[in-house]
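# Observations on the three-dimensional arrangement
Below are the chains, spelled out letter by letter.
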Amino acid sequence: MNSIFKGKILSPISKSKIFFLNLGYLVISEKGKILEISKNNLRNKYKNFLFFDFFDKILCPGFIDIHNHLPQLPLIGISSSTLFTWLNRIVFPYEEKFGYKEFAQKYSGIFFHKLLKNGTTTTSTYVTIHKEATDIAFKSAKESGIRAFIGKVMMDREVPENMLENTQRSLQDSKELIEKWDGYDEGRLRYVLTPRFAVSCSFPMLKGIGELAKKYNVYIQSHLAESKSEIELIQKLYPEFENYTEIYYRAGILSEKTIMAHCIYLDKKEIKTLQNTGTKISHCPTANRFLSSGIMPYRKLEETGLTIGLGTDVAGGYSLSMFNEMKEAIETSKTINFMNPKEQYKPITVEEAFYLATLGGATALSIENETGSLEKGKSADFLVVDYQKLNDFKDNDILSEVKNILSKMIYCGDERIIEQVYVRGKRVV
Ligand code: GUN
Ligand code: FE
């Protein structure tokens, strides 16, 4: 619909700069593209456009969650010591249930709806090893209106028998899903090859994935260096490799279209390999603490120029809300700062956290020309946020500064302040 939205316009420019109009007009075309943003009243210029006045509500880009697990939604908040105990006792038995169509159907619809309600307009999502459950996830994403990168989990060793795949079958299933879904609805849905991690993937499988990715020019997502016990196991399973990253590198799965989650324990050489291959990083601070995995040295990685986005990693993370993820990213970075007084790490600021949750995530997924900020020519993926709901004392002096509004939103916000959600100019919540 050709329309004009009026409100306070808030959008990232860089890690340190915010674009803000205290009162602005956002003009959106029939096709859902942003035609113009201005502080001038544009109603005369675009005469036949529908007009929506949101007064002092915030219009900001939708959030981008670059790492989460659909089948783990019901497991949110269930903690069980560390990564492998949690995977074996809680996650795998639950993911197995997605072999039943009814089960997969029930949770897929809820999952994307909940993401949208939380303001996430783009997601990169792991399903399970099941081809049908992955197909169902794509159908649910299609109907929900969300922008989604989705993949069938692949694993052919070191997991319980009923979760074990045949290598060739897994590659074949993935190929058929790519052919069916990658690029659907002018690229709103994309396929992402999803080897769970090198622990549960044989080298021939990883190589096959690298070949598929090249042939079809699709994305790859996986986990890397999340916990110390994981790295110990990797050394036993892959003794011939110098380090964890080297396995993915030799298999040919590191590229600009690859997103590796966690990346807590990387040495200098591994960081160099990620840089040289253009691999992107999903920072998942909530999950890193929840599963007692560790703390990712954000600033150390960021200063090398690596591209980093944020992932809730549900249910390694206990919240689908990117407000929570931004908050955890900031608080965690402060902790690192306290623990390493000599290093002088600069903690993440509210502006930087907002960038990571929007334009940073878009850049990690190589769709920064399409979404991630409110700019002319980009897709109208945006939220209407009623931050005044957080202003209990109606003290507008405190909230007259944009930095304070943003800070209040990040620290106190949740799905209740997200009033409306749009993807490509179409209302989805
Ligand atoms: N490593 C392998 N699988 C998983 C998973 O499901 N969640 C997290 N956080 N780490 C993993
Ligand atoms: Fe994960």
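Further up the page is the structure itself.
In short, a report on the structure.

Each value, and the rule that gives it
Residues numbered from 1 in each chain as written. Chains lettered and ligands numbered in written order. Predicted model: local features only at pLDDT ≥ 70, side-chain atom pairs only at ≥ 80, totals over all residues. Heavy atoms only, no water. Helix = DSSP H or I, 4+ residues; strand = E, 2+ residues; numbered from the N terminus. Rg over C-alpha atoms; globule rule 2.2 N^0.38 Å. Buried < 20%, exposed > 50% of the residue type's maximum accessible area, 1.4 Å probe, protein only. Contact = heavy atoms within 4.5 Å. Areas by Shrake-Rupley, 256 points an atom, 1.4 Å probe, with all protein chains shown as cover. Lys, Arg positive; Asp, Glu negative; His and termini not counted. Charge placed at Lys NZ, Arg CZ, Asp CG, Glu CD. Pairing = 2+ DSSP bridges. Phe/Tyr/Trp six-rings, centres within 6.5 Å; stacked < 30°, edge-to-face > 60°. Lys NZ or Arg CZ within 6 Å of the ring centre and 35° of its normal. Salt bridge = Lys/Arg side-chain N within 4 Å of Asp/Glu carboxyl O.

Let's shift gears to the overall build of the chain. Scanning the chain from terminus to terminus reveals 14 helices and 16 strands. Against the globule reference of 22 Å for 429 residues, the chain gives a C-alpha radius of gyration of 21 Å, in line with a compact fold. If one aligns the C-alpha atoms of the chain with their principal axes, the spans along those axes are about 65 × 55 × 40 Å. In the chain, buried positions account for 61% of the 429 residues. For the chain, restricting intrachain contacts to residue pairs at least 6 apart in sequence, the fraction spanning at least 24 positions comes to 73%. A total of about 17400 Å² of accessible surface is found on the chain, and carbon and sulfur atoms cover 49% of it. One way to put it: in the chain the 57 positive side-chain charges average out to a point 4 Å from where the 52 negative ones average out.

A few words on the sheet that holds strand S2 (residues 18–28). Spatially, seven strands are ordered S3-S2-S1-S4-S14-S15-S16 in an open sheet, and the strand pairing comes out mixed. The open sheet has two edge strands, strand S3 (34–38) and strand S16 (426–427), and neither has a second partner. Strand direction decides the pairing type here: strand S15 (residues 418–423) and S16, joined by two bridges, are antiparallel. Bridge pairing in S16 links Val423 to Lys426.

With that settled, the discussion passes to the packing of aromatic side chains. For the coordinates displayed, the defined rule picks out 24 aromatic pairs. The interplanar angle of 85° and the centroid separation of 5.3 Å between the aromatic rings of Phe98 and Phe103 together place this pair among those described as edge-to-face. Looking at Phe98, the relative accessible area reads 2%, which means it is buried. Judged by relative accessible area, Phe103 falls into the partly exposed class, the value being 21%. Ring geometry for Phe382 and Tyr422: centres 4.6 Å apart, planes at 0°, overall stacked. Taken together, the residues span a long stretch of sequence, with Phe382 in strand S14 (residues 382–385) and Tyr422 in strand S15 at a distance of 40 residues. One aromatic cluster in this structure is built from Phe5, Phe52, Phe54, Phe382 and Tyr422. Above the plane of the ring of Phe51 lies Arg43, whose end atom (NZ or CZ) is 3.7 Å from the centre.

Here we come to the pattern of salt bridges. Applying the stated criterion to the full structure yields 27 salt bridges. A salt bridge links Lys57 to Glu419; its shortest N-O distance comes to 2.6 Å. Remark: Glu419 occurs in strand S15 and Lys57 occurs in strand S4 (residues 50–61); sequence separation between them is 362 residues. Among the residues examined, Glu419 registers a relative accessible area of 27% and is labelled partly exposed. In this structure, the salt-bridge partner of Lys117 is Glu415, at a minimum N-O distance of 4.0 Å. Of this pair, Lys117 sits in helix H2 (residues 101–117) while Glu415 sits in the loop between helix H14 (402–412) and S15, and the two are 298 residues apart along the sequence. Counted as one network, the salt bridges with shared partners bring together Lys15, Arg299, Glu302 and Glu352.

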